[in-house]
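# Structural description and commentary
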Amino acid sequence: MTDPLPDPFAGQPDWAPLPPRPIEVVPASGRVELRGRRVLVGQPGLGWRGDLRADDRVVQGSRTYVPVLPEHEWYRAEADQVEVFAPLVPVDRVWVETVGVRPELALPEADRLVSLDGPAHRAPAPVFEADSVAGRRVVHVVDAVEHRDLRAVTETYSSAEGDICVRVAPEVEWYRWAWRGQAPTTLEVPVHLLWVE
């Protein structure tokens, strides 16, 4: 017996869900729909700000702008049907988060250094590897279906059945909790089905 036996546990185990598709960041000046999309604003070499949502482009004179709101204001405007102030940001300073394509093969660990030419976004990370998750954006993966626009409401804990879980809420309810004090409806999710976005 000179050839080693293959490892039956190598690769993706049958019980483990595939990670969600990564977020890719593209310039808003491209042909991408903006209304309600998550965006980042900033300048190359300076920095980037996130947790923002965009509305449709506005043209004034020869310049194109994007109305940009803090995410909690966007949700309040949509849920309560109220008007909120949205500063106009030049389109060349706005980048849109889009759902990318799942890589076919596992990529090697990426270098932590990024370019300042555009905003960077990390690949989704399993919740069980995160130091802290409360308040963070998470993706719940069930049978290869990705449920996005969720926020973790708790840190990891042991459920009554002994599973390690996190309670999550839809983002609109997460933000409603802030502006109305109305506690969100939560769902208990085992950590092996959750990824930090």
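For the structure, see preceding data.
What you are looking at is a predicted structure, and each value in this text was computed from that prediction instead of being measured.

### Remarks on the packing of aromatic side chains
Applying the stated criterion across every chain, the model contains four aromatic pairs. Ring centres of Trp-48 and Trp-95 lie 5.8 Å apart, and the angle between their planes is 80°; on these two criteria the pair is classed as edge-to-face. With Trp-48 in strand S3 (residues 47–54) and Trp-95 in strand S7 (residues 94–99), the pair connects residues that are 47 residues apart, well separated along the chain. Taking relative accessible area as the criterion, Trp-48 reaches 26% and is therefore assigned partly exposed. For Trp-95, a relative accessible area of 17% translates into the label buried. Ring plane angle 25° and centroid distance 5.5 Å describe the contact between Tyr-75 and Tyr-175, whose orientation is recorded as stacked. Highlighted residues: Tyr-75 in helix H1 (residues 71–80) and Tyr-175 in helix H2 (residues 171–180), separated in sequence by 100 residues. Classification of Tyr-75 as buried rests on a relative accessible area of 8%.

### A few points about the pairing of S3
By the bridge criterion, five bridges tie strand S2 (residues 38–43) to S3 in an arrangement that is antiparallel. Along S3, the bridge assignment pairs Gly-42 with Trp-48. Counted along the chain from S2 to the antiparallel partner S3, the turn is three residues long, and its residue Gly-45 has a positive phi close to 85°. In this structure, S3 lies alongside strand S5 (residues 63–70), joined through three bridges in antiparallel fashion. Across the sheet, residue Ala-54 finds its bridge partner in S5, namely Val-68.

### Brief notes about the packing of H1 against H2
Where H1 contacts H2, the two axes come as close as 9 Å, and the packing angle between them is 95°. In terms of axis orientation, H1 runs roughly perpendicular to H2. Every residue of H2 that contacts H1 at Glu-71, His-72, Tyr-75, Arg-76, Ala-79 and Asp-80 is listed here: Glu-171, Val-172, Tyr-175, Arg-176, Trp-179 and Arg-180. Classifying every residue of the contact of H1 with H2 by side-chain character gives five nonpolar, one polar and six charged.

### Things to note about H1
Along H1, the residues that are buried comprise Glu-71, Trp-74, Tyr-75 and Ala-77. Taken end-on, H1 shows its buried residues confined to a sector of 160°, consistent with a single buried face. Of the residues trailing H1, Gln-81 is marked for its positive phi of about 50°.

Rules used throughout
Residues numbered from 1 in each chain as written. Predicted model: local features only at pLDDT ≥ 70, side-chain atom pairs only at ≥ 80, totals over all residues. Heavy atoms only, no water. Phe/Tyr/Trp six-rings, centres within 6.5 Å; stacked < 30°, edge-to-face > 60°. Helix = DSSP H or I, 4+ residues; strand = E, 2+ residues; numbered from the N terminus. Buried < 20%, exposed > 50% of the residue type's maximum accessible area, 1.4 Å probe, protein only. Pairing = 2+ DSSP bridges. Axes fitted to C-alpha atoms, helices over the stretch in contact; angles between N-to-C directions. Parallel < 35°, antiparallel > 145°, perpendicular 65-115°, else oblique. Contact = heavy atoms within 4.5 Å. Nonpolar A, V, L, I, M, F, W, Y, C, P; charged D, E, K, R; others polar. Arc of directions from axis to C-beta.

Any functional reading would require information beyond the geometric quantities listed.
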